Structures are given as C-alpha cells and as structure tokens.
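Remarks on the overall topology
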Amino acid sequence: MAATDRRTATLALAHALSAAERGLPVIPLSPTKLPALPSPHRNAPGPPVRCRGECGLPGHGVHDATADPAAVRALFALAPWATGYGVTCGRPPHHLIGVDLDTSPTVLQRLAARRGFTIPDTFTVLTPSGGRHLWLTGPPDVVVPNSAGRLAPGIDIRGAGGYLVGPGSVTARGAYRPAPGTAALTPAPCPPALLRLLTPPAPSRTPRHTSPSRGGRALVHFVLAARQGQRNARLFWAACRAYENGIGDALADALTDAAVRTGLTAHEARATIASAARLTAPRAAGGRRAR
C-alpha cells in the first residue's frame, strides 16, 4: 500500500473512532462509498443468503456498525483499503436521519415554506459533487425509511437501514467535509412537520377478517415460516402479493402479527408493509400484476 493510501486509511479510522466516541455506530467504507467488507456469503451455493449478521461474521454492511472502539478497530483491520466510514441512521442513541440534497437547498427551502416548518441549524456535511447532507435526529419510536426523490426531486432520505458518509472520508470523487459554521453543531431534532412527510402512513385500519381467504392464510404462514435473515424479505414479498391481489389492507394486521412473532418489531413490520403498498400501487392501479 502506498504511503498516501496508508495515510488516508489511518485518517479514516481516526475519524471513525471520533464518531464512535460520540455514540455513532460506524462501518468502514471503500473509495466507492460502499461498505468495505465483502459479504461472507457471496460465494455460497444456491439462492442469495439474506443475513443481517446473525451468522456472527463481518461483511453485512450497516449490520456490522458499532460504536465500540475495539470493534471499530477490528473492522478497519479487516479492511485496510477503507478510505472512509459510514455513520448508520435510525440507530440509538441518536436515531439519525440524513437529508441528502443533490445540489442547492432551494428545493427543501421551498418545501419548508409550503409545509410550514423551519429548517433548523444543524450539523451539515458537504459532498464532493457539490451537494450536502443535513444530519437530523428522530424520536426513538419512529421508523423513517430510506427514499430517493420521494420527498421532492433532488432530495434523498437516509433512514433506518441506511448510512451517511462521515466527514473526513475520502472517496474516488473527493473528500467529505463539514460545512462552514456547522462543525460545532450537533444534529438538530427533525421538525415534526418534516417528520410526518418522511414517515410512511400506517396501513389502513380495516376490520380484521375472522376467516381470511385461503390465499391470505398462505401468505401469513409464509411469513411465520421465516428464519433469521429471511424475516423482512419474506414479509415484503407476502405484502406485495397481498396488495397485488387486492387484500393488502385487509391482511395488513395479520401480516404484522406474524412478522412480530418471527422477531421483527411492529414498527419494522408496518414500515415494510407500507413500502410494499407504495411499490405495488402503480401496478394495481393499472391492472397489472407481477408474475
């Protein structure tokens, strides 16, 4: 490894440790901004292995994230090519929410004016492409999903299961650095009006069917049979099929209960079901069903 590469890697670890000291769970990133450690299941035979770290091995992206200094050092020792670090969102104690503005903050400012909230002064990171990341905090009982352009064109959201490239990271396109005047700021609470826009609506509360259809029972049993590493994927698949067949709202409670019995939280389950509802809505409206 060249001297410059070693220095970049050393600085990345130092910045990651500094973030971890503030309680921020981190992971090493490669120059492509992707997690630096490859999946331990990448060469496994058969269908893709859906594991969120239950196997105990590193290489599971945000599921490797830790704020323990010794564990951070161990992760970076396994990835000496790492030139940056990712700060996971939605995790305690800060429950970060990242507002990723591609270029100008004008779109967000217009949205704030229209929706009646003020963009708070908060820690902000400038990106090599000319954009900026606003770091906000959310309530511990609210799950904010990742999204791209859903809030407004040019605005992506980093929530539960996502991460922000930490300041001091170096990527193939350049370095990430704190915006002038914000380095001493802590992430501000997300304005309630903005939080409502970022939170998926709860599934419609319709009366439970005492005797769901045969297809509905099969989807519930499909979720109940999930093993660790399959739970969220099975729930999402079942919810998509339910909404495509017009029984999504009626089956939402039963699917949530089944997911909770497999180990997901009710918040995770409802967010996944809401994502399935949004994904299938255009197809349902057009009378097209996935095969």
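All values derive from a computational prediction rather than experimental measurement.

What counts and how
Residues numbered from 1 in each chain as written. Predicted model: local features only at pLDDT ≥ 70, side-chain atom pairs only at ≥ 80, totals over all residues. Heavy atoms only, no water. Helix = DSSP H or I, 4+ residues; strand = E, 2+ residues; numbered from the N terminus. Buried < 20%, exposed > 50% of the residue type's maximum accessible area, 1.4 Å probe, protein only. Contact = heavy atoms within 4.5 Å. Areas by Shrake-Rupley, 256 points an atom, 1.4 Å probe, with all protein chains shown as cover. pLDDT = per-residue confidence, 0-100. Pairing = 2+ DSSP bridges. Axes fitted to C-alpha atoms, helices over the stretch in contact; angles between N-to-C directions. Salt bridge = Lys/Arg side-chain N within 4 Å of Asp/Glu carboxyl O.

The secondary structure content of the protein amounts to 8 helices and 12 strands. Looking at the protein residue by residue over its 291 residues, the buried ones come to 43%. Taking the intrachain contacts of the protein between residues at least 6 apart in sequence as the baseline, contacts between residues at least 24 apart amount to 73%. In the structure as shown, the protein presents an accessible area of about 15100 Å², 56% of it carried by carbon and sulfur atoms.

Confidence along the protein averages 87 in pLDDT terms, with 90% of residues attaining 70 or more. Within the model, the stretch residues 204-211 combines pLDDT values under 50 with 9 contacts to residues more than four positions away or in other chains. Below pLDDT 50 for its whole length, residues 282-291 participates in 8 contacts with residues either more than four positions away or in separate chains.

What follows concerns the sheet that holds strand β2 (residues 84-88). Taking strand neighbours across the sheet as the criterion, the 3 strands line up as β1-β2-β8 in an open arrangement whose pairing is antiparallel. With partners counted over all chains shown, the strands left at the sheet margins are β1 (26-29) and β8 (163-165), one partner each. Shown here is a sheet whose adjacent strand axes are inclined to one another by a mean of 35°, direction ignored. By the bridge criterion, 4 bridges tie β1 to β2 in an arrangement that is antiparallel. Note that in β2 the partner of Val26 across the bridge is Val87. Together, β1 and β2 form the strand contacts of helix α2 (residues 69-78), whose direction differs from that of β1 by roughly 15°.

Summed over all chains, the structure comprises 3 salt bridges. Residue Glu54 is joined to Arg231 by a salt bridge in which the shortest nitrogen-to-oxygen separation is 3.7 Å. Residue Glu54 is located in the loop between β1 and α2, and its partner Arg231 is located in helix α6 (residues 231-244); the two are separated by 177 residues in the primary sequence. Notably, a salt bridge pairs Arg158 with Asp100, separated by 3.4 Å at the nearest N-O pair. Taken together, the residues Arg158 in strand β7 (residues 155-158) and Asp100 in strand β3 (residues 96-101) connect sequence positions 58 residues apart. With relative accessibility at 11%, the residue Asp100 sits in the buried group.

Take the pairing of β7 next. Working note: regular strand, side chains alternate between the two faces of the sheet. Alignment of β3 against β7, held across 4 bridges, turns out to be antiparallel. By the bridge assignment for β7, Leu101 is matched with Ile155. Where strand β6 (residues 147-152) lies against β7, 3 bridges are found, and the strand directions are antiparallel. Its bridge partner being in β7, Ala152 is matched across the sheet by Ile155. Counting the residues between successive antiparallel strands, the hairpin from β6 to β7 contains 2 residues, one of them, Gly154, with a positive phi of roughly 85°.

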